[in-house]
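This is what each chain is made of:
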Amino acid sequence: MSLSNSLGISLLILTSLTACDRLGLPDPARDAAVRESDARATGSACRHAGRAIEDCYALNPDASRAAVYAGWKDMNDYMRENKIDVVKPELTKSEASAKGEETHASASASAKAEK
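Residues numbered from 1 in each chain as written. Predicted model: local features only at pLDDT ≥ 70, side-chain atom pairs only at ≥ 80, totals over all residues. Heavy atoms only, no water.

1. Quick look at the packing of aromatic side chains
Applying the stated criterion to the full structure yields zero aromatic pairs. Here the basic side chain of R47 rests over the ring of W72, its NZ or CZ set 5.6 Å away from the ring centre. Its guanidinium or amino end placed over the ring of Y57, R65 lies 4.4 Å from that ring's centre, counting from NZ or CZ. (Phe/Tyr/Trp six-rings, centres within 6.5 Å; stacked < 30°, edge-to-face > 60°. Lys NZ or Arg CZ within 6 Å of the ring centre and 35° of its normal.)

Printed below as a string of structure tokens:
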């Protein structure tokens, strides 16, 4: 086998492996990174809304506490440096869940219509 053949085969294998996410194969590292960034965003949003870190933990029990705290702390530092005030949430939890259900129902109807 020549060098160009083995290089071509190697290139073909690498190209095939880059499409694994399109095949729906699980990628634990990517999933962990997504959960981490979601938890950090949750912590940031909690701090921006003026919630105590303990309330944030209670409202998001499935999120990583360390990542939630890191996001909360980053937002706290950012808000202090830039003198940003807390933005109180206007929706209550029941209103937010009702809106979420409406969004879910319309998304389900759209998905059924597309099929």
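Structure's up, so let's keep going.
2. So, helix α2 (residues 28–48)
Its 21 residues place the ends of α2 30 Å apart at the C-alpha level, agreeing with the 30 Å of an ideal helix rising 1.5 Å per residue. Buried within α2 we find A39, G43, S44, C46 and R47. The arc enclosing the buried residues of α2, seen along the axis, measures out at 165°, which places them on a common side. On its buried side, α2 packs onto α3 (53–59) and α4 (65–81). G50 lies just past α2 and shows a positive phi near 80°. (Helix = DSSP H or I, 4+ residues; strand = E, 2+ residues; numbered from the N terminus. Expected span 1.5 Å × (residues − 1). Buried < 20%, exposed > 50% of the residue type's maximum accessible area, 1.4 Å probe, protein only. Arc of directions from axis to C-beta. Contact = heavy atoms within 4.5 Å.)

3. A few points about the state of the cysteines
Taken as a whole and assessed by the stated rule, the structure comprises one disulfide. There is a disulfide in this structure between C46 and C56, and the S-S distance comes to 2.3 Å. Between C46 and C56, the S-S torsion sits near 80°, and that sign places the bridge as right-handed. Of this pair, C46 sits in helix α2 while C56 sits in helix α3, and the two are 10 residues apart along the sequence. The same class applies to C46 as to C56, namely buried. (Disulfide = S-S within 2.5 Å.)

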